[in-house]
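# Structure assessment
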Amino acid sequence: MSNSIKIESIQLLKDGHRLEFDIIANSISTRIYFQVEGAVLTPSAEAFVLMTLLPAMKLGSEIEIEEAVSGKLISSLPDIQSILRQWFPEEDLKKFPIENIPLKRENPPKNLKSATFSSGGIDSYYSLIKNQSEITDIIFIKGFDIKLNNEVLLKNSLELVQKIGNHFNKNVIVIETNLKLFLNRYVNLRIHFGVFLSSIAHLLSNRIRKVFIPAGDSYARILPHGSHPLLDPMFSSESMQIVHDGCESTRLEKLKTISDSDFAVNNLRVCFNAHTSFLTNCEWCEKCIRTKLGLLIINKLSNNPSFKKPIEIGRIRKLKLRPNIKNYYTEILYELEKTGEYPELCYAVSSILNQQSFIKTNRELMQKYLQRLKYKFPNLYDIFYLGNPKTKRLN
Ligand SMILES: [Zn+2]
């Protein structure tokens, strides 16, 4: 199978705390690594299938794997491929045959742990607090929503997650990887979100048997996305249950739930723009403004150490909202009006909801252009856009 995607040269190092292997795709070999603290890694065939799934669909290649793979996961692959093809037609994803993948029979392990992912945001606090009695571990990833070269933000976020682990008495697993740099060559994070997190869950399968992926949207508002209540459970195996968790609540309802914990509501990190060591959130971006309005509604904004500045009405008026973000502000406006206390804020939110069109920023136009480039010239993309020397091409 010359056109197949395969994993080679697998090395489990440092007593299971580091895993390295080559992914050969489109005749290009990429060395991928995972480095972990707080657990040990398992070279999982299910993880290998998931992390090569989208590149295989993009290239129209088969996945070539010698190790036996969970029958449950393999039986989900036709539906996973159909859903991804229908949700993202612009990506020109192709179905690949799965009959050559060897199957294994697994017995579900007993007495293992449950985990959730966290970097200190609202969705992950909600999942943690809601499933507190079941969750034993919190997973923090370096190289996912925070880039590997953003050292200050990585350090601040890790400190916060360790604080969360101490407060809620959970084991913190810290995992660093360059997998995203590889996957970004084929599809963007919005599409590979679920397979990325599920791959990590499977690599931790000697400790964890169930992973909660915190939902970003409620059932009423959810749109096609690579992590979705329809998709994530299909990334499970007989010994690893993947749960898309939290769609039953809107963002404001989640804030209300987590506000029962003073620790959670005072230690929120919703923003990845705060690049200095003394700032938790930038307080300027759309996500920060949205969160501050939510905290104001539930009376948790004043004296909140994560958001120290007052809400600027002029800043709200300047926001340009994407259609999917407008939904959050519709809910905020409804709840703000119910308080009867903030007529000027209501007017400002109402005015941005009435904007006729969403204007793409220069950054978004540039990202769209780079998305096209990266597929044709992966080396150039890594160097100029991602700027990360840890991705090493072997040929
Ligand atoms: Zn911000």
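Now for a look at the structure at hand. (Residues numbered from 1 in each chain as written. Predicted model: local features only at pLDDT ≥ 70, side-chain atom pairs only at ≥ 80, totals over all residues.)

So, on to the nonpolar core. Counting residues in hydrophobic clusters, the biggest one holds 89 residues, and the most contacted among them are Val 49, Leu 54, Ile 138, Ile 139, Ile 173, Ile 200 and Ala 201. Looking at this core element by element, the count peaks at 10 residues for helix α1 (residues 45-59). When residues of this core are assigned to domains, at least three map to each of domain 1 (41-269) and domain 2 (270-353). Ile 173 has contacts with Val 36, Gly 38, Ala 39, Ala 115, Asp 137, Ile 139 and Leu 204, leaving out every residue within four places of it along the chain. (Core = buried A, V, L, I, M, F, W, Y, C linked by C-beta atoms within 7 Å. Buried ≥ 20, exposed ≤ 12 C-beta atoms within 10 Å, placed from the backbone. Helix = DSSP H or I, 4+ residues; strand = E, 2+ residues; numbered from the N terminus. Domains from an automatic or database assignment. Contact = placed C-beta atoms within 7 Å.)

Turning next to the packing of helix α9 (residues 286-297) against helix α11 (residues 323-339). Running from N to C, α9 and α11 cross one another at 25°; their axes reach a closest spacing of 10 Å. When the axis of α9 is compared with that of α11, the two are roughly parallel. At the point where α9 passes α11, the crossing takes the left-handed sense. Contacts between α9 and α11 involve Glu 286, Arg 290, Leu 293, Gly 294 and Ile 297 on the former and, on the latter, Ile 325, Tyr 328, Ile 332, Glu 335, Leu 336 and Thr 339. Of the residues that constitute the contact of α9 with α11, the class distribution is 6 nonpolar, 2 polar and 3 charged. (Axes fitted to C-alpha atoms, helices over the stretch in contact; angles between N-to-C directions. Parallel < 35°, antiparallel > 145°, perpendicular 65-115°, else oblique. Left-handed = near helix turned anticlockwise from the far one by under 90°. Nonpolar A, V, L, I, M, F, W, Y, C, P; charged D, E, K, R; others polar.)

By the bridge criterion, 4 bridges tie strand β7 (residues 113-117) to strand β10 (residues 208-214) in an arrangement that is parallel. If you follow Lys 113 over to β10, its bridge partner there is Ile 208. One ladder, built from 3 bridges, connects β7 with strand β8 (residues 137-142); its direction is parallel. Residue Thr 116 lies in a different strand from β8, and its bridge partner there is Ile 138. This β-α-β element, β7 to helix α3 (residues 122-130) to β8, shows right-handed connectivity. (Pairing = 2+ DSSP bridges. Right-handed = clockwise from strand over helix to strand, strands pointing away.)

By themselves these figures say nothing about function.
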